[in-house]
Amino acid sequence: MAKITFENLAHSYLPNPQGEADYALKEINHDWVDGEAYALLGSSGCGKTTLLNIISGLLQPSQGQIFFDGQDVTQAPTAERNIAQVFQFPVVYDTMSVRDNLAFPLRNRGADPAYIAQRVQTVAKMIGMKEGLNRKARGLTADAKQKISLGRGMVREDVNALLFDEPLTVIDPHLKWELRTQLKSLHHEFGHTMIYVTHDQTEALTFADKVVVMYDGRVVQIGTPEELFERPEHTFVGYFIGSPGMNLLDATVDGASAKVEAGAVDLGSGYGSASGKVQIGVRPEFVSVSSGGAGLPASIERVEDVGRHKIVRLDLAGAGISAIVSEGQSVPSSDVRVSFDPAKINVYADDWRVAPFEGQKGEAA
Amino acid sequence: MNKTDNQKAWFLVLPMLVLVAFSAVIPLMTVVNYSVQDTFGNNVFFPAGLEWFRSTLQSDRLWGSLGRQLMFSGIILLIQIPLGVYIALNMPKKGFWVSFCLVLMSLPLLIPWNVVGTIWQIFGRVDIGLLGYTLEAIGVDYNYTQDAFDAWFTLVIMDVWHWTSLVALLAYAGLQSIPDAYYQAAKIDQASRWSVFRYIELPKMMGVLMIAILLRFMDSFMIYTEPFVVTGGGPGSSTNFLSIDLVNIALGQLDLGPAAAYSLMYFLIILLISWVFYTVMTNLDKREGN
């Protein structure tokens, strides 16, 4: 177990990167706290796997350094880093039995046979494969193979970090939930540093203490699930997390009020005058729909009933927004007005969040 | 689903049947026909029973050739398979040199058999051949026309030169199909180079290697042109393989009956070995699947 530190780390797959756009992973400085469970969240091709492979040493970063507990391991080969990694598609050694597969990482390190046998038993129990230990790994289902891969990742107790690269993609939904819960309890029990790459927000939010959101090769926000929900630092975080994502409206902001196409919106706190491409963002959960009264005039395009609540899609002076309305509440049919909870509105300039004055809500970014 | 009986459907198989009859069954039956008859010329035949089979089985000739043939196939398999795998493992995985290596490797495969024979026939001559002359010059006693060991050495090296590429290319194809994640996982698991070969590369190559072994076995077991051009079966009968021996009986001595019996047994031996090989292969597959 170790604290992992990135210093000016960046990577490009091109031999001579020219501008920022050439970097698959833009410069990043970060401490991965020892013993925390992180989820690395982002859409495909945003650099998640690149970052993971740099930690495990499968990839040499083009610039910057990486430290394990203060020791520079930038040039160290994978074998010396003592990292466990589980890949998206199951990797098993076909000709070995399930038992040998699980024992393989320990045997390679010359561990004591009695200890190996005991560890294999423990891990087999953890992944629910105590029964078929003597089976050949070839011919098992993808589920079972991925469980073996997970087991091989967990068999070493002294690893510096456990890395997961979308490990549950090939697993059945009900098993997915079960395995994720197991991983989480494993984390509580042993306190390994875990980094879990995924593009599924539910997976990220349920698994991790801290979620790292990546967008276009850049880490845009690191925070608890709550922080990501309440105060997305970047419009991408607002849009990517939440279902449906955050509503974004082009606006001009002056002091404590914003002007959008449909009218004026009260922001709850002062912002001065933001420059650049200014937008206000508000989550559908904090948009209320009423008939008549105060608020901006809008028209309803459609209502989607998802069971727990209804999602109302509205047209607000040409901009499409969504609102979440509780199941019991009726949706007005005429003279529709929408209003936003002022305390939950975020202001963005050029996609990055602008902190309000006087820290009336949240801290400065 | 209800199936309707329609006997006319048999007619659809007829063209295929005719084709196979002319390409395989009828020629084969002619040979079978020869093998049980004798003739004194003038196209007059009379039945000879199983006499030709009996006499061929009792002669040392068949057994000698069969022994040499098996030894030849065994030696070239023992050299070509490991060598081919070794070359494949050391070929570049990507970049410009891949195409270069692939072209270089396939060159020997494109040369016709008799040309290969001619090349080595000249290459090995002590008077004008580069190999023979050089060996002679540095004091190695080498002469494939007089020394049985030298003749074997030349034939084996020639076959290795001609066909190792095939094994290497097949093995390379097998290696290329292994996803990167396997190598990465092996690094994570701190597997040694030998473990990577033993537990990742070899199992993934097994399928194509089996095909390579089968192809190389059958091909080498039926080899004719190259030894015929290089040694002609000599010195003595030391490189007289089954096919060379057979052609000598059939066309040299015009003994149609014994030659037919000989060729039928030759055919049965190949069939038998291929069948055994196939059965072992599929059983291995099945056993590992469980």
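Residues numbered from 1 in each chain as written. Chains lettered and ligands numbered in written order. Predicted model: local features only at pLDDT ≥ 70, side-chain atom pairs only at ≥ 80, totals over all residues.

Chemist: Break down the interface of chain B and chain A for me, with residues and values.
Modeler: Taken together, the contacts link 16 residues of chain B with 22 residues of chain A. At the level of elements, helix 8 (180–188), helix 9 (193–221) and helix 12 (256–289) of chain B are the ones that each hand at least two residues to the side of chain B that touches chain A. Here the side of chain B that touches chain A is built from residues that sort into eight nonpolar, five polar and three charged. (Contact = placed C-beta atoms within 7 Å. Helix = DSSP H or I, 4+ residues; strand = E, 2+ residues; numbered from the N terminus. Nonpolar A, V, L, I, M, F, W, Y, C, P; charged D, E, K, R; others polar.)

Chemist: Give me the lowdown on the sheet that holds strand 13 (residues 263–266) of chain A, citing residues and values where you can.
Modeler: All names here are of chain A. Spatially, six strands are ordered 13-12-11-14-21-22 in an open sheet, and the strand pairing comes out antiparallel. Every interior strand has two partners, whereas the edge strands, strand 13 and strand 22 (352–354), have only one. Put simply, the sheet's adjacent strands are angled 45° from each other on average, direction ignored. Where strand 11 (residues 247–254) meets strand 14 (residues 278–282), four bridges bridge the pair, whose relative direction is antiparallel. (Pairing = 2+ DSSP bridges. Axes fitted to C-alpha atoms, helices over the stretch in contact; angles between N-to-C directions.)

Chemist: Please set out the sheet that holds strand 16 (residues 296–297) of chain A residue by residue, giving values where relevant.
Modeler: Residues and elements named next belong to chain A. Read across the open sheet, the three strands follow the order 15-20-16; overall the sheet is antiparallel. Each edge of the open sheet is held by one strand with a lone partner, namely strand 15 (287–291) and strand 16. The pairing of strand 15 with strand 20 (residues 336–340) spans five bridges and is antiparallel. Looking across to strand 20, one finds that serine 288 is bridged to serine 339.

Chemist: Outline the nonpolar core, supporting the account with residue identities and numerical values.
Modeler: One finds Tyr38(A), Ala39(A), Leu40(A), Ile55(A), Ile195(A), Tyr196(A) and Val213(A) to be the most contacted residues of the largest nonpolar core, which totals 81 residues. If near-sequence neighbours (up to four positions away) are discounted, Leu40(A) is found in contact with Lys48(A), Leu51(A), Ile195(A), Tyr196(A), Val197(A), Val212(A) and Met214(A). (Core = buried A, V, L, I, M, F, W, Y, C linked by C-beta atoms within 7 Å. Buried ≥ 20, exposed ≤ 12 C-beta atoms within 10 Å, placed from the backbone.)

Chemist: Please set out the confidence of the model for chain A residue by residue, giving values where relevant.
Modeler: Considering every residue of chain A, the mean pLDDT works out to 84; 98% of them sit at 70 or more. Confidence drops under pLDDT 50 across residues 359–365 of chain A; counting only partners more than four residues distant or on other chains, this segment forms ten contacts. (pLDDT = per-residue confidence, 0-100.)

Chemist: Which residues make up the packing of helix 7 (residues 148–176) of chain B against helix 9 of chain B, and what values do they have?
Modeler: Residue and element names in this part refer to chain B. Between helix 7 and helix 9, the shortest axis-to-axis distance is 8 Å and the interhelical angle comes to 150°. Between helix 7 and helix 9, the interaxial angle falls into the category roughly antiparallel. Once helix 7 is placed against helix 9, the crossing between them reads as right-handed. Taken together, the residues of helix 9 that come into contact with helix 7 (itself represented by Asp159, Trp163, Leu166, Val167, Leu170, Ala171, Ala173, Gly174 and Leu175) are Glu201, Lys204, Met205, Gly207, Val208, Leu209, Ile211, Ala212, Arg216 and Ser220. Residues belonging to the contact of helix 7 with helix 9 are distributed by class as follows: twelve nonpolar, three polar and four charged. (Parallel < 35°, antiparallel > 145°, perpendicular 65-115°, else oblique. Left-handed = near helix turned anticlockwise from the far one by under 90°.)

Chemist: So, the pairing of strand 14 of chain A: which residues are in play, and what are the values?
Modeler: Along strand 14 of chain A, five of the five residues are buried, which leaves the element largely enclosed by surrounding structure. Of the two faces of strand 14 of chain A, the one carrying Val278(A), Ile280(A) and Val282(A) and the one carrying Gln279(A) and Gly281(A) are both buried.

Chemist: Let's hear about helix 3 (residues 60–90) of chain B: which residues, and what values?
Modeler: Between its first and last C-alpha atoms helix 3 of chain B spans 45 Å; for 31 residues at 1.5 Å apiece the expected length is 45 Å, and the two agree. Listed in full, the buried residues belonging to helix 3 of chain B are Leu62(B), Ser65(B), Arg68(B), Gln69(B), Phe72(B), Ser73(B), Ile76(B), Gln80(B), Gly84(B), Val85(B) and Ala88(B). (Expected span 1.5 Å × (residues − 1).)

Chemist: Outline the pairing of strand 6 (residues 83–86) of chain A, listing residues and values.
Modeler: All names here are of chain A. Burial along strand 6 is two-sided: the residues Ile83 and Gln85 and Ala84 and Val86 are all buried. Examined bridge by bridge, strand 6 and strand 7 (residues 161–165) share four bridges and lie parallel to one another. Opposite alanine 84, over in strand 7, you have leucine 162 as the bridge partner.

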